[in-house]
Structure formats: structure tokens, C-alpha cells
Amino acid sequence: MDYEKFFAERINALQDEGNYRVFADLERKVGAFPRADNYRENGVEEVTVWCSNDYLGMGQNEEVLQAMREALGKCGAGAGGTRNISGTNHYHVLLEEELAKLHGTEAALIFTSGYVANFTTLSTLGSKMPGMLIISDDQNHNSMIEGIRLGRSEKVVFKHNDLEDLERILKDVPLDRPKMIAFESVYSMDGDIAPIKEICDLADKYNAMTYIDEVHAVGLYGEHGAGVAERDGLMDRLTIIQGTMAKGFGVVGGYIAGSKAMCDFVRSFGQGFIFSTSIPPAVAAGCRASIQYVSQHNEIRLKHKERVRYLRQKLDAVGIPHLDNPSHIIPVMVGDPVLCKQASDMLMEHYNQYVQPINYPTVPKGTERLRFTPSPLHSEEMINELVACLVKVWEHLGLKKAAA
Ligand SMILES: *Cc1c(COP(=O)(O)O)cnc(C)c1O
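Residues numbered from 1 in each chain as written. Predicted model: local features only at pLDDT ≥ 70, side-chain atom pairs only at ≥ 80, totals over all residues. Heavy atoms only, no water.

**Student:** I'm lost on the sheet that holds strand β13 (residues 357-358) in this one. Help?
**Tutor:** Paired through backbone hydrogen bonds, the strands of a sheet run either parallel or antiparallel to each other. Taken in spatial order, the 3 strands make up an open sheet running β11-β14-β13, and their pairing is antiparallel. Of all the strands in the sheet, just β11 (330-333) and β13 have a single pairing partner and so form its edges. Pairing between β11 and strand β14 (residues 369-372): 4 bridges, direction antiparallel. For Met333, the partnering residue across the bridge sits in β14 and is Arg369. Along the sheet, helix α13 (residues 337-351) contacts β13 and β14; its crossing angle with β14, the most-contacted strand, is approximately 45°. (Pairing = 2+ DSSP bridges. Helix = DSSP H or I, 4+ residues; strand = E, 2+ residues; numbered from the N terminus. Contact = heavy atoms within 4.5 Å. Axes fitted to C-alpha atoms, helices over the stretch in contact; angles between N-to-C directions.)

Here it is as C-alpha cells:
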């Protein structure tokens, strides 16, 4: 086999389909979020970023940076090992206490990323609980799907957010068989929100554990930013709450929160936890400072909501079609992969507005979109400018407008 030829051919095929991924080369700038420098072939341009998952701009928060500098100065760069062998730093312990406090749980366990938290926890519960059945929403994130797959327990998929379909499945499972319903709160592509209370009711009725991925909600919802379950007063009804410190909290790292025994179980059997070096102490310190800040500053969430509402209003006023949903995610629908990419390219190259095109396989064919996530730091002027640029792009490309 000609290995190099094989790689090149597969990449060419991706390019022909329009599914080849090109990354924007950006340099984020402290104090200037959501502005960033964009490195291009013929120079550097300052752009406004509209598709960051640093939803609140916490990545540049001075208290977070100060905590990181201090811990970096004290502890140095890396953790020095896995948690088991020399890699448990006091900052890790403090961070886990902070997370448990945030979610009102007995304990929490941190991982190198949200992906690893999902992958490790689900694969561990699937493989180490005899007879386990995992009942999984059909739009769950790749990290959940792959974790469930690695666990090799039986798995059944229910229709997205469909309580009838979920109950149809639960009804047929013996009450005493171990089972878990795995789902997300905010789904990141459509921005819709799961019926958490009703899922917990079904879990109680049929004696199931619940596993919620609140990755796109932590920091953003609830009085202290613990997520949609906090907002709805449901945190104590979930068996496992999973989250990330990379999005709303603006740093990096993942976690689960729940009972002491459950966290201890995953700590003791989870291979993606045991065999991987822990996050650097400075990162743990930054995460903790961010959680503390975000939980004490509800006004940041109010401002966030207001900016989301403002962008939606402006889009409505000019007839740019977007999905109506109850979250902070604004998907502007294009419905064609080539046009979606062209719209994104034009916004970047002509107008210095950066929003990544979202095409198949991330979303179904025919629902290609631009996904906007305005933060509290996107000013009204920035939003007005963006909408004016979108109008020009829509006219230039002849894209569909919303019915007036
Ligand atoms: C991004 C994401 C993750 C992974 O979190 P990271 O901290 O980025 O690894 C997990 N679940 C969902 C739904 C996500 O969107």
C-alpha cells in the first residue's frame, strides 16, 4: 500500500464533497474579547468572533488570569503525573470541592476534558455494572456515543426529547435491571432544551439512573450558573451531572458531579481518569476562580440573555431566518452546504466577521447553518454591524429570507 497516496486521496474526496475542514487561524487578545487577530495569507486582520464557546468571555477574566498566574508561579507548569501517581495537587482537591458545592452534590471528579469525562464515565458504568442498559437520546454528543460504545453494555436509543418514546422503552425493562437515561440539557446545534423534569419523573417511575450533559449550560443558567437543572430546581433529582470548564467557564477540563460512592467508583475504575496525567495546577486554579466568579455574578447571565434577545430581534427585523429556541444559541439557517461556506467566507474576508459554517455531518443535510453565540461582551454596535453585513451577504448570494 502507498500510504501517502491513500491519505491524499481521502482528503481530496472530502474536498470534492465540500466537507473538508479549514480552521481559522486566530489570536485571541486579552481585554479585547470578542475581537481577535485573524492570520491570513496576505496579512493579519482584526475580526469579531461570533462562534466562540467561551460564552461569557471568562477566558480573559482578570480574576481567572490572576489565579492562574499565582498557581503557575507557585506550582510550575505541569501536574507531574496521573492523580494516582504524584499528580494530585491541592488545587485539584479544591476544584472538586468547588464543583460539588456548585451542583449541591456530595462529590465531583475532574477529567482532562468534557469529552474524556463523558467517554470515561459512560464506558465505566456500561462495562462495570452487570446487566447495565443505557438509554440514550438520539442527538447525544459524540463523546457520549463513543463512551457508551466502548462500555459494550446494551444500549437503546430514544427519539430526541421524546418522552413517549422513552417511556415505551422503559416500560419493557424489568424494574430491578440496572439502567440509565443519558441526555443533554442544551443541545448545541439546535439550541433546544430537554424536558429534564419529565425525564426525571420517568426515571423515578422505572427505577433508572439519570446522566445529564450540561456542557452548554454550566455557567449560563441558574442563579449560580450551575446549569438548566439548577434553574429548574432539579439538581437533586439527577444521578450524574456532567460538565466542562472549557465553555461557559472559559478555561479547560471536564467533570462529573454526584454521590460520593458514584464518584469514587468512577475514580477507581475509570481508565480515562486513571491512566492520564491530571490537568495542570494553574488550570485547576483558573477553573476554580472562574466558577467562583460566575456563580457570584448573576448579572453576567442577565446581560448574556439581553444580548441574545437583541441579536434575535435585529435578525427578525431584517428577515434573516433563525431557529426559534429557548437557549443562547442562535442558528441562522442557510440550508445548502456550498452557500453556507460562501456566506461564512464572505463574512470573514469582506466584513471581518467570523462565524464558522456548520455543515453535514455535524447537522443533517439541508439544515446547513451559521451558529451565532453572542456573549455579554458583544456590544449593541457589534450586533448592529453584524446584521448589516448579513443583509449584504444574503442579497449577494440570493439566500432565502424569513417570511415577513
Ligand atoms: C464540547 C462538548 C463536550 C466536550 O467537552 P470538552 O470540554 O470540549 O471536551 C461534551 N458534550 C457536549 C454536548 C459538547 O458540546
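**Student:** It is not clear to me how α13 should be interpreted in this structure. Could you clarify?
**Tutor:** Since there are 3.6 residues in each turn of an α-helix, residues three or four apart along the chain are aligned in direction. When the terminal C-alpha atoms of α13 are compared, their 20 Å separation across 15 residues agrees well with the 21 Å that a helix rising 1.5 Å per residue should span. Within α13, the full set of buried residues consists of Cys340, Ala343, Ser344, Met346, Leu347 and Met348. Residues of α13 that are buried sit in contact with β2 (35-40), β3 (43-49), β12 (353-354), β13, β14 and α14 (380-397). For α13, the N-terminal capping position is held by Asp336, with its side-chain oxygen 3.0 Å away from the main-chain nitrogen of Val338. Where α13 terminates, the next one or two residues include Asn352, which has phi positive at roughly 55°. (Expected span 1.5 Å × (residues − 1). Buried < 20%, exposed > 50% of the residue type's maximum accessible area, 1.4 Å probe, protein only. Polar contact = N/O pair within 3.5 Å; in protein donor to acceptor, adjacent residues only side chain to side chain.)

**Student:** Any chance you could explain the sheet that holds β2 here in plain terms?
**Tutor:** In space, the 4 strands of this open sheet follow the order β1-β2-β3-β12, with mixed pairing throughout. What marks the edges here is a single partner per strand, and that holds for β1 (26-28) and β12.

**Student:** Could you clarify how one ought to interpret the site of the ligand in this entry?
**Tutor:** With respect to spatial proximity, 13 residues lie near the ligand, and among them Gly114, Asp213, His216, Thr244 and Lys247 are the closest. In the environment of the ligand, a nitrogen atom lies 2.7 Å from a nitrogen or oxygen atom belonging to the side chain of Asp213. Within the side chain of Lys247, an N or O atom sits 2.9 Å from an oxygen atom of the ligand. Contact with the protein chains hides 85% of the accessible area of the ligand, taken as 380 Å² for the molecule alone. Ranked by the residues each element gives to the shell around the ligand, the list is headed by helix α4 (residues 114-128), at 3 residues. Class assignment for the residues of the shell around the ligand results in 3 nonpolar, 7 polar and 3 charged. (Near = heavy atom within 4 Å. Areas by Shrake-Rupley, 256 points an atom, 1.4 Å probe, with all protein chains shown as cover. Nonpolar A, V, L, I, M, F, W, Y, C, P; charged D, E, K, R; others polar.)

**Student:** How should the pattern of salt bridges be read in this particular structure?
**Tutor:** Opposite charge on two side chains permits pairing when their charged atoms draw close. Tallying each qualifying case throughout the model produces 21 salt bridges. A salt bridge links Arg28 to Asp54; its shortest N-O distance comes to 2.8 Å. Within this pair, whereas Arg28 is found in strand β1, its partner Asp54 is found in the loop between β3 and α2 (62-75), the two being separated by 26 residues in sequence. Take Asp54: its relative accessible area is 5%, and that puts it in the buried class. Within the structure, one salt-bridge network assembled from shared partners comprises Lys29, Arg35, Asp37 and Glu46. (Salt bridge = Lys/Arg side-chain N within 4 Å of Asp/Glu carboxyl O.)

**Student:** Explain helix α11 (residues 281-296) to me, please; I cannot follow it from the model alone.
**Tutor:** Given a rise of 1.5 Å per residue, 16 residues ought to cover 22 Å, and the 23 Å separating the end C-alpha atoms of α11 matches this to within 8%. Among the 16 residues that make up α11, 13 are buried, leaving the element largely enclosed by the rest of the structure.

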